[in-house]
Amino acid sequence: MIDPPLTMPPKRVTRLPVRPRAVRFPVLVVVFVCAACGLVYELELVALASYLIGDSVTHASVVLSVMVFAMGVGSLLAKRLRCRAAVGFGLVEGGLALIGGCSALVLYAAFAWLGEARYVLVAFSLAIGVLIGAEIPLLMSLIQRAESARSPGVREKESATDPAGTVADLFAADYVGALVGGLAFPFLLLPWLGQLTGALVTGAVNAVAGGGLVLWLFRRDLTGRSRALLIGTNLAVLAVLATATVLVDDFERAARRAVYGDSVRVAVQTDLQEVVVTGERGSPPDLFVDGRLRAGGEDASRYHESLVHPAMNGPHARVLIIGGGDGLAAREVLRYAGVRSVTVVEIDPGVVRLARSHPELAALNANALRDPRVRVASADAFRWLRETATTGPAGEEEGPRERYDVVISDLPDPGISAGTKLYSEEFYGLAARVLADEGRLVVHAGSASARPHTFWTVDSTLRAAGFATRAYSAYGRGAHLAAGPDRADRSGDTDTGTGDWGYLLAAAGTYPPELGLAPDTPRLRSLTAGALVTGARAAERTRDDRGAPPPPSTLIHPRYGG
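What you are looking at is a predicted structure, and each value in this text was computed from that prediction instead of being measured.

(A) View of the nonpolar core. By size, the foremost hydrophobic cluster in this structure holds 69 residues, and its most contacted members are Val 27, Phe 89 and Tyr 108. Of all the elements in the fold, those that place two or more residues in this core are α1 (24–52), α2 (56–77), α3 (85–114), α4 (118–147), α6 (162–217) and α7 (224–260). In terms of residue count, the dominant contributor to this core is α3 (14 residues). Excluding anything up to four places from it in sequence, Tyr 108 contacts Leu 48, Tyr 51, Leu 52, Leu 196, Phe 251, Ala 255, Arg 256 and Glu 274.

(B) Expanded view of the pattern of salt bridges. Following the criterion strictly, the structure yields 14 salt bridges and no others. Note that Glu 252 and Arg 256 form a salt bridge whose closest N and O atoms lie 3.4 Å from each other. Linking Glu 252 with Arg 256, this pair stays in helix α7, spanning 4 residues, or about one helical turn. Measuring nitrogen to oxygen at the nearest pair gives 3.4 Å for the salt bridge that ties Arg 525 to Glu 305. One end of the pair, Arg 525, is in the loop between β11 (498–508) and α15 (529–541); the other, Glu 305, is in helix α8 (residues 300–308), and 220 residues separate them in sequence. Given the relative accessible area of 0%, Glu 305 is considered buried. One connected set of salt bridges, linked through shared partners, spans Glu 305, Arg 331, Glu 332, Arg 335 and Arg 525.

(C) Seen up close, the packing of α1 against α2. The interhelical angle for the contact between α1 and α2, taken along N-to-C directions, is 150°, at an axis separation of 9 Å. In terms of orientation, α1 lies roughly antiparallel with respect to α2. The two elements α1 and α2 meet at a crossing, and its hand is right-handed. Contacts between α1 and α2 pair Glu 42, Leu 45, Val 46, Ala 49 and Ser 50 from the former with Ser 56, His 59, Ala 60, Val 63, Leu 64 and Met 67 from the latter. Classifying every residue of the contact of α1 with α2 gives 7 nonpolar, 3 polar and 1 charged.

Calculation rules
Residues numbered from 1 in each chain as written. Predicted model: local features only at pLDDT ≥ 70, side-chain atom pairs only at ≥ 80, totals over all residues. Heavy atoms only, no water. Core = buried A, V, L, I, M, F, W, Y, C linked by side-chain atoms within 4.5 Å. Buried < 20%, exposed > 50% of the residue type's maximum accessible area, 1.4 Å probe, protein only. Helix = DSSP H or I, 4+ residues; strand = E, 2+ residues; numbered from the N terminus. Contact = heavy atoms within 4.5 Å. Salt bridge = Lys/Arg side-chain N within 4 Å of Asp/Glu carboxyl O. Axes fitted to C-alpha atoms, helices over the stretch in contact; angles between N-to-C directions. Parallel < 35°, antiparallel > 145°, perpendicular 65-115°, else oblique. Left-handed = near helix turned anticlockwise from the far one by under 90°. Nonpolar A, V, L, I, M, F, W, Y, C, P; charged D, E, K, R; others polar.

Written out as structure tokens, the structure reads:
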């Protein structure tokens, strides 16, 4: 007798709450949402690293490269979760929502209380990248799981083409979601919620989307224990994010006190940067812009006198100030009776409003920005100078709209990547076009002693643009922090240290301008002719005469790396 062939019972296929053909749409919606959230986490890290640490090019490169590498690692690790794709995807999204949502908060805390955020930045980039990389393989498994619920005939007909179509759909949703996240970050999240709250809200959306998909669409794939684990995990993540959102204002105040001390008077987040005024009541205030000291109350006169008055040695009826939204450079310029007009080009109107309205800042700048001779243009200096230097009828030879006797560049150090174009050969070429005959340009070029390569690169760039230069420096409290390109090593006990500000006085042509003070120079608090001579010698000692001077910096080849 021949026994009948043994047949295995068909593998049980769990029914889905929707028709198998309709599964792909909600999965793709979740892919879209998760991709948008993932890119927001990425941009949050880049933006906050640029603000906290400086050198945005370097840290953007670190974040992007580490994250892309980690995504590959995450894709490989996801292989181990394919047999439990539903619960695996739910846990991955819960972890991503918690880590990504809290990343900005923890990064800021590390900087504020530990003084170092670089390693935290790399750790978050790695963790977020691994979790993002695991998403697509697990979602692919979930869609294939849904396809397996179709009738055998349908599966046989579509088996040859469905995998390719599934991959195409997943990546399309992923890329479109990344586009939406990339646009939402600068235009919605930052201006409406800020960096910290924006990241926390993004994490909550991420948790709801990922957990909701699994608990609704693939709930029959979950055991009772897995379901309880996912519900508990997502509720815990949402509770942490909600609590952090409620307490974020208290956290920001505590972090500011850790960074700036207990004497924070005003903290304003403008559309472009954070502006903080510190100092004890009754003493001159300190002005910080994006965490960098822009005006030290006790030494503001030393910095601005050294910047402004050597450039006023000559005709000075019309003066252009690039930057200088605090009004302190304008204050020094307006002390000359012969000044007829001052134009201040400041990119952030919020700084100007604060300098006009804050009583002690307005007293510090002697209400210079309310003087009728002062005109403030809220614009990008490069674009404004380009339009001013090249205005004229279309098709005709263009010339400058207005010429200035003195141009003062009162800007952050060139090591800050966002402002590098304002230290380029092209920018100085535009400045040369708006200078009047015998006009002078003065540039704050960072510390000559602490960053000599950067300082002399600015000198080479000015010379390449057709200027002859004189280098000099001045010393003061916190000069090593003023507008410095790197905040990472700043600590509360370094503010009292002294350093140097480096300047370059330039004139078009082959003969450098005379370094001195004008006959009508008002009485100064700290600057003297002797101090200028000493400062010139100190700056020259930082020059490296052993080799060729550094090459100039241009828009397409910036050379202020660090």
